[in-house]
Amino acid sequence: MPAPRQPGQRLGRYDLVRRLGRGGAGEVWHAVLNGPHGFRRHVALKLLLADPTDADARTLLIREARLGAF
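Residues numbered from 1 in each chain as written. Predicted model: local features only at pLDDT ≥ 70, side-chain atom pairs only at ≥ 80, totals over all residues. Heavy atoms only, no water.

Peer 1: Can you walk me through the confidence of the model for the chain in this structure?
Peer 2: Low pLDDT marks regions whose predicted coordinates should not be analysed in detail. When the pLDDT values of the chain are averaged, the result is 88; 96% of them are 70 or greater. Here helix H1 (residues 55-68) stands out as the element of the chain with the lowest mean pLDDT, 85, in contrast to strand S2 (residues 14-22), whose mean of 96 is the highest. (pLDDT = per-residue confidence, 0-100. Helix = DSSP H or I, 4+ residues; strand = E, 2+ residues; numbered from the N terminus.)

Listed below in structure tokens is the structure:
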């Protein structure tokens with residue numbers, strides 16, 4: 001299991017603002033996406049709680065993301 005995440009923590013291009021919820025497979029955060037030239041976008045970011053090498057957990061997360069994209 002990954003280390004606990006905290007508001008203000010940076011994950012790649014995302015700055016975590018606050019945790020919105022937590023379930024069995026992951027947690028959802030209000031985050032800010034940082035892009036070039038000062039571009040910023042507020043997003044909901046779902047992060048896996050399971051081991052990132054767990055293929056089944058990754059597959060379920062990707063399926064859920066595809067459903068939410070339409």
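Peer 1: Where do I start with the environment of Gly 12 in this structure?
Peer 2: Turning to its location among the elements, Gly 12 is positioned in the loop between strand S1 (10-11) and S2. Under the relative-accessibility criterion, Gly 12 is labelled exposed at 65%. In sequence terms Gly 12 and Leu 45 are 33 residues apart; their C-alpha atoms lie 12 Å from each other. (Buried < 20%, exposed > 50% of the residue type's maximum accessible area, 1.4 Å probe, protein only.)

Peer 1: What am I meant to see in the side chain of Arg 5 here?
Peer 2: Among the structural elements, Arg 5 can be located in the segment before S1. Among the polar contacts listed, one links the side chain of Arg 5 to the side chain of Glu 27, at a separation of 3.2 Å. Other than its neighbours up to four places away in sequence, Arg 5 contacts Leu 11, Leu 16, Glu 27, Trp 29, Leu 47 and Leu 48. (Polar contact = N/O pair within 3.5 Å; in protein donor to acceptor, adjacent residues only side chain to side chain. Contact = heavy atoms within 4.5 Å.)

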